[in-house]
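# An overview of the molecular structure
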Amino acid sequence: MTQNHAIQFGTAGIRAVLGPLPNQMNRDLVMRVTAGLCKHLLKCSPEAPKQGLCVAYDGRKHSLEFARAVAEVACAQGFKVYTFEDTVPTPLLAFSVTELGASAGVMITASHNPPEYNGYKVFWHNGAQIIPPHDEGISKEIAALGPKQDFRTLAYAEFQKQRKIEFVGRQIETLYLSYIETLGHQPKTVDSICIAYTAMHGVGERIARKAFSQRGYTNCHSVPEQALPDPDFPTVAFPNPEEKGAMDLVLKLASRTDADIVLANDPDADRLAVACKDRSGSYHQLSGNEVGALLCEYQLRHSRTPEKQSIFCSIVSSPLTALIARHYGAYFEQTLTGFKWIMNRALAKQKEGFCLALGFEEALGYAPSSEVADKDGISSAILMTEMASFYLKTGQNLHDVLIELWLRFGFHHSTALNIHLDSEMAEHIQSKLDALRKEPPNLLGKLAVQRFCDYKTGQIKDRDGRSSQSTLPSSNVLAFHLEGGHRVMIRPSGTEPKLKIYLDITLPLASCEALAECQKQASAITTQLGDSVRAIFT
């Protein structure tokens, strides 16, 4: 976004630091974006105002104020507005759009970004995050607005009196909890599995605890210091369950309660982190890729028609998921990074008769069905708990099942490295990416590059000189497929100022006894590749 309001949507919307400037999150920006959104919706369908706009907000600073600004502008443009009485998780907003038949939805959230951020996320009428051409269309409408145009013609309270604003929170919550009751493969029963849970100062606590209770998981313990929404996030340095130290309090709670499974939502509860005991009895935090592999295996193992199930994941997610899906004969497809791509493709495939069993990306995002057309940390938490309970009754924990998958499909180890950027460094990084495109290396570390994929141009080049073209939309991602089945992928983040590097190591695993040596070897290859890639950009 620039000073002239030429806003480009990133991950289905915008995120920025709070502040008064045109390229910061503030009320004026929210009103302008909403005016542009409404104009685009009207161009797409004259029925859009009657269908309405769903609006929700999380516990971030100014989220309520921004949500009301969205409602005011939308009502002034003639739109019916459906909104919530209180803060809600992002999955409820996505769910509400399709349940109410709305033309679109807006969620005010910065997800797992630091406390000084807020954001504006747009969902289309299918309940999924917007993709082209709608993001470009909204941006064009925003850019066409006059510099001093005032969009608020009546106050929020006046629109309420005119019944242009309807509160739907209780209705949507009831329907959402009813949907969660249909998830899974085991009968509902009182279950003794012990859960340690945290909402990480976000908005997941109330709904998650209701969902656990209705499924019979009553032995649930929450981190009290993190149970209520707090926009300052006082107990975590960075409110992202992936970050080091973010799960310290819930892991301490797990140790005190001898929990069987540890679950953490991010602040808007669309992501889920999971930890479980390993063979030594210590708690092991699973990576997003490991959780995705376990969900894929569980969903397809218990499906009566796996050949009619679909599995979708992002191109930077672990190759293990593809092996599991193909083992069961399920449809498998990779998309660009971001749930907007995953769910729009999953919904399109659903029209061909395929039922979504799992959409996932390695950054802790999972969708166990298409009822919520976005990643959903609460429904995923319920399914993970059912899975953990199912395996416990057979004498296994989740870590045991993961080892079984490695024995069957090979040991898969994934690592994500970040290079944090300022504005000057961002230009330097982009010049390095452009140079890599022109002259991709023959070696990374000590490993030969067997295939190079440039997802920006769509070109795929093999070591033997053969070339082909990617069918995915253009994206600033580079992939290096290495000898031995290893992989390196590089891309700038779509939501934070950093370069992301994904390292996927694949090794044969002959026995449980060989696991430690396998992990040691994978760690050595990871270090070698990580050092090699960092050297390119520094």
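Since the structure is predicted, the reported quantities are computational estimates derived from the model, not experimental observations.

We now examine the overall build of the chain. Regarding its fold elements, the chain presents 16 helices and 23 strands. Taking the principal axes of its C-alpha atoms as reference, the chain extends roughly 70 × 60 × 45 Å. Going through the 538 residues of the chain one by one, you find that 59% of them count as buried. Residue pairs in contact within the chain that sit at least 24 positions apart in sequence constitute 70% of those at least 6 positions apart. Of the side-chain charges in the chain, 55 are positive and 58 negative, and the distance between the mean point of each set is 4 Å.

The subject of this paragraph is the packing of aromatic side chains. One pass over the structure, following the stated rule, counts 12 aromatic pairs. Residues Y197 and F212 carry aromatic rings whose centres are separated by 5.9 Å and whose planes lie at 75 degrees to one another, so their mutual orientation is edge-to-face. Taken together, the residues Y197 in strand 7 (residues 195-198) and F212 in helix 8 (residues 205-214) connect sequence positions 15 residues apart. Using a relative accessible area of 0% as the deciding quantity, one classes Y197 as buried. Here the aromatic rings of W406 and F411 are separated by 4.7 Å at their centres, their planes lie at 75 degrees, and the arrangement is edge-to-face. Given the relative accessible area of 2%, W406 is considered buried. For F411, a relative accessible area of 2% puts it in the buried group. Among the aromatic residues, ring-to-ring pairing joins F95, Y176 and Y179 into one connected group.

What follows deals with the sheet that holds strand 8 (residues 220-222). Spatial strand order, 8-7-9-10-11: 5 strands in an open sheet with mixed pairing. In this open sheet, the two edge strands, each paired with only one partner strand, are strand 8 and strand 11 (283-285). Taken pair by pair, the neighbouring strands of this sheet meet at an average axis angle of 25 degrees, ignoring direction. With 4 bridges connecting them, strand 7 and strand 9 (residues 261-265) associate as parallel partners.

Moving on, we come to the side chain of N265. Considering the arrangement of structural elements, one finds N265 in strand 9. A polar atom in the side chain of N265 sits 3.1 Å from the backbone oxygen of G377. Look past the residues within four positions of N265 in its chain and what remains in contact with it is Y197, T198, A199, M200, A208, P241, R271, L272, G377 and I378.

Here we come to the nonpolar core. Among the nonpolar cores identified, the biggest contains 120 residues, and F212, L263, M384, L398, F480 and V488 are the most heavily contacted of them. Broken down by element, the residue count for this core peaks at 9 residues, all from helix 13 (residues 377-392). Judged by nonpolar contacts, the second largest core, of 40 residues, contains M31, A67, V106 and I165.

This paragraph deals with the pairing of strand 9. Within strand 9, 5 of the 5 residues are buried, which leaves the element mostly enclosed by the surrounding structure. Here strand 9 shows no split at all, with I261, L263 and N265 on one side and V262 and A264 on the other all buried. Pairing analysis gives 4 bridges linking strand 9 to strand 10 (residues 272-277), with the strands arranged antiparallel. Along strand 10, the bridge assignment pairs L263 with V274. Hairpin connection of strand 9 to strand 10: 6 residues between the antiparallel strands, including A269 at a positive phi of 65 degrees.

Its place among the elements puts R271 in the loop between strand 9 and strand 10. Within polar-contact distance, the side chain of R271 engages the side chain of H112 at 3.3 Å. Not counting the four nearest positions on each side in its chain, R271 is found in contact with S111, H112, A264, N265, D266, A363, L364, K375 and G377.

Take helix 14 (residues 398-409) next. Helix length check: helix 14 (12 residues) gives 16 Å between terminal C-alpha atoms against 16 Å at 1.5 Å per residue, within 8%. Of the residues making up helix 14, those classed as buried are L398, H399, D400, V401, L402, I403, L405, W406 and F409. By the N-cap criterion, in which a side-chain oxygen at the helix start approaches the backbone nitrogen of a residue two or three places on, helix 14 is capped by N397, the distance to H399 being 3.0 Å. One or two steps after helix 14, the chain reaches G410, where phi turns positive at roughly 100 degrees.

Going residue by residue along strand 19 (residues 459-462), you find I460 and D462 tucked away on one face and Q459 and K461 left uncovered on the opposite face. Pairing of strand 18 (residues 447-454) with strand 19 involves 4 bridges; the strand directions are antiparallel. For R451, the partnering residue across the bridge sits in strand 19 and is D462. Remark: 4 residues form the turn of the hairpin made by strand 18 and strand 19, two consecutive strands paired antiparallel; G458 in that turn has positive phi of roughly 85 degrees. Bridge count between strand 19 and strand 20 (residues 467-469): 3 bridges; the pairing is antiparallel.

Another point: the sheet that holds strand 5 (residues 117-124). The sheet built from 6 strands is open, its strands ordered 1-5-4-2-3-6 with mixed pairing. With partners counted over all chains shown, the strands left at the sheet margins are strand 1 (13-17) and strand 6 (165-167), one partner each. In this sheet, neighbouring strand axes are inclined to one another by 20 degrees on average, regardless of whether the strands run parallel or antiparallel. Here 3 bridges tie strand 2 (residues 53-57) to strand 3 (residues 81-83), and the two strands are oriented parallel to one another. Paired with L53 across the strands is V81, a residue of strand 3.

All right, on to helix 8 then. Looking at helix 8, one finds that the buried residues are E205, I207, A208, A211, F212 and Q214. Looking at the buried positions of helix 8, the neighbouring elements they touch are helix 4 (90-100), helix 7 (169-182), strand 7, strand 8, strand 9 and helix 13. A positive backbone phi angle near 95 degrees is found at G216, which sits one or two residues after helix 8.

The geometry of helix 10 (residues 288-301) relative to helix 13 is characterised by a closest axis approach of 11 Å and an angle of 70 degrees between their N-to-C directions. As far as their axial angle goes, helix 13 and helix 10 are roughly perpendicular. Across the interface between the two elements, V291, L294, L295, E297, Y298, Q299 and R301 of helix 10 pack against L383, M384, E386, M387, F390 and Y391 of helix 13. Split into classes, the residues belonging to the contact of helix 10 with helix 13 amount to 9 nonpolar, 1 polar and 3 charged.

As a further point, take unusual backbone geometry. A cis geometry characterises the amide bond from P132 onward to P133, with omega recorded as 10 degrees. A positive phi angle, near 55 degrees, is found at S111, a position not held by glycine. Of note, S111 is situated in the loop between strand 4 (104-108) and strand 5. Despite not being glycine, A269 shows a phi value in the positive range, around 65 degrees. Inspection of the secondary structure assignment puts A269 in the loop between strand 9 and strand 10. Taking relative accessible area as the criterion, A269 reaches 0% and is therefore assigned buried.

The rules behind each value
- Residues numbered from 1 in each chain as written.
- Predicted model: local features only at pLDDT ≥ 70, side-chain atom pairs only at ≥ 80, totals over all residues.
- Heavy atoms only, no water.
- Helix = DSSP H or I, 4+ residues; strand = E, 2+ residues; numbered from the N terminus.
- Buried < 20%, exposed > 50% of the residue type's maximum accessible area, 1.4 Å probe, protein only.
- Contact = heavy atoms within 4.5 Å.
- Lys, Arg positive; Asp, Glu negative; His and termini not counted.
- Charge placed at Lys NZ, Arg CZ, Asp CG, Glu CD.
- Phe/Tyr/Trp six-rings, centres within 6.5 Å; stacked < 30°, edge-to-face > 60°.
- Pairing = 2+ DSSP bridges.
- Axes fitted to C-alpha atoms, helices over the stretch in contact; angles between N-to-C directions.
- Polar contact = N/O pair within 3.5 Å; in protein donor to acceptor, adjacent residues only side chain to side chain.
- Core = buried A, V, L, I, M, F, W, Y, C linked by side-chain atoms within 4.5 Å.
- Expected span 1.5 Å × (residues − 1).
- Parallel < 35°, antiparallel > 145°, perpendicular 65-115°, else oblique.
- Nonpolar A, V, L, I, M, F, W, Y, C, P; charged D, E, K, R; others polar.

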